[in-house]
Amino acid sequence: DAKTTQPPSMDCAEGRAANLPCNHSTISGNEYVYWYRQIHSQGPQYIIHGLKNNETNEMASLIITEDRKSSTLILPHATLRDTAVYYCIVSPNTGNQFYFGTGTSLTVIP
Amino acid sequence: DAGVIQSPRHEVTEMGQEVTLRCKPISGHDYLFWYRQTMMRGLELLIYFNNNVPIDDSGMPEDRFSAKMPNASFSTLKIQPSEPRDSAVYFCASSPPGGGSIQYFGAGTRLSVL
């Protein structure tokens, strides 16, 4: 079963930052937080992951709370192509068992 | 790199027929995963391999489903006999050595069983 809770849907204006929350209150010490997204009719795409420190790459930033019970994925300047379902997953770094849950459907509005 | 390659992209078959889905992982990756996605159940892990050996097949729904990985560059998922409830999108993913943490997905096979 998925160990995360995400809002089912969100809207974001094009060009603004999209902040997608995720609750993972039962996360274990060896579990990482991963974010994937799935654009319609495509396979899921890896975005970013982290253990306890905030992370940033060319796609997004990941903010993890100090108690690690929640995190936020930030898309700094959302574009229409960012419209997708975003999945937050917790898993050990060996990461072999991914449970995707229902994710957040993000719609970027022109 | 061409990424994970799945074939066919679409498959339409009749109930009772055998269906074989194919996957070519990214070269050098030693983990391979098969997922199924439906509206009702979302994205489910069916089975995964490490170095061509099945590690966990607890997600395979029933004996009608089988998966093989005869070598590092090829895997199949077979359904025999197929049923309408098997209609779904099937994804294959692969991961590099060191763990399955970052999985690279193929474009999927959309299966319709009539």
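Our subject is the structure listed above.
Figured I'd write up the structure that's included with this text.

The rules behind these values
The numbers attached to residues start from 1 for each chain and follow its sequence in the written order. By the order in which they are written, chains take letters starting at A while ligands take numbers starting at 1. Confidence filtering applies because this is a predicted model: local features only for residues at pLDDT of at least 70, side-chain atom pairs given and counted only at 80 or more, and all residues used for totals across whole chains, interfaces and linings. To obtain the side-chain values, all non-hydrogen atoms of the structure were used and water was disregarded. Working rule for contacts: check all heavy atoms of both residues, and any pair within 4.5 Å makes them a contact. Note on definitions: buried area is the accessible-area loss of two parts on being combined, 1.4 Å probe, summed for both. Salt bridge criterion: a side-chain nitrogen from Lys or Arg within 4 Å of a carboxyl oxygen from Asp or Glu. Whenever two N or O atoms come within 3.5 Å, that pair is a polar contact, provided that in protein one can donate a hydrogen and the other can accept it, and provided that, for residues adjacent in sequence, both atoms are side-chain atoms. Each helix corresponds to a stretch of at least 4 residues labelled H or I by DSSP, and each strand to a stretch of at least 2 residues labelled E; elements are numbered beginning at the N terminus. Here the term charged refers only to Asp, Glu, Lys and Arg, the term nonpolar to Ala, Val, Leu, Ile, Met, Phe, Trp, Tyr, Cys and Pro, and the term polar to all other amino acids, Gly among them.

Observations concerning the interface of chain B and chain A
Thought 1: Chain B puts 18 residues into the contact, and the matching count from chain A is 17 residues.
Thought 2: Overall, the association of chain B and chain A removes approximately 1400 Å² of surface from exposure, summing both partners, and the carbon and sulfur fraction of that is 49%.
Thought 3: The tally of links from chain B across to chain A stands at zero salt bridges.
Thought 4: Put simply, chain B and chain A have two residue pairs in polar contact (both at pLDDT 80 or more) between them.
Thought 5: Those elements giving two or more residues to the side of chain B that touches chain A turn out to be β4 (31-38) and β5 (42-50) of chain B.
Thought 6: Sort the elements by how many residues they give to the side of chain B that touches chain A and β4(B) lands first, with four residues.
Thought 7: The residue makeup of the side of chain B that touches chain A, split by class, is ten nonpolar, six polar and two charged.

Observations concerning the side chain of Asp82(A)
Residue and element names in this part refer to chain A.
Thought 1: The residue Asp-82 is located in the loop between β7 (70-75) and β8 (84-92) in this model.
Thought 2: Side-chain polar atoms of Asp-82 contact the backbone nitrogen of Thr-79, separated by 2.9 Å.
Thought 3: With near-sequence residues (within four places) excluded, Asp-82 lies in contact with Arg-37, Leu-75, His-77, Leu-106 and Val-108.

These results come straight from atomic positions and should not be treated as a statement about function.
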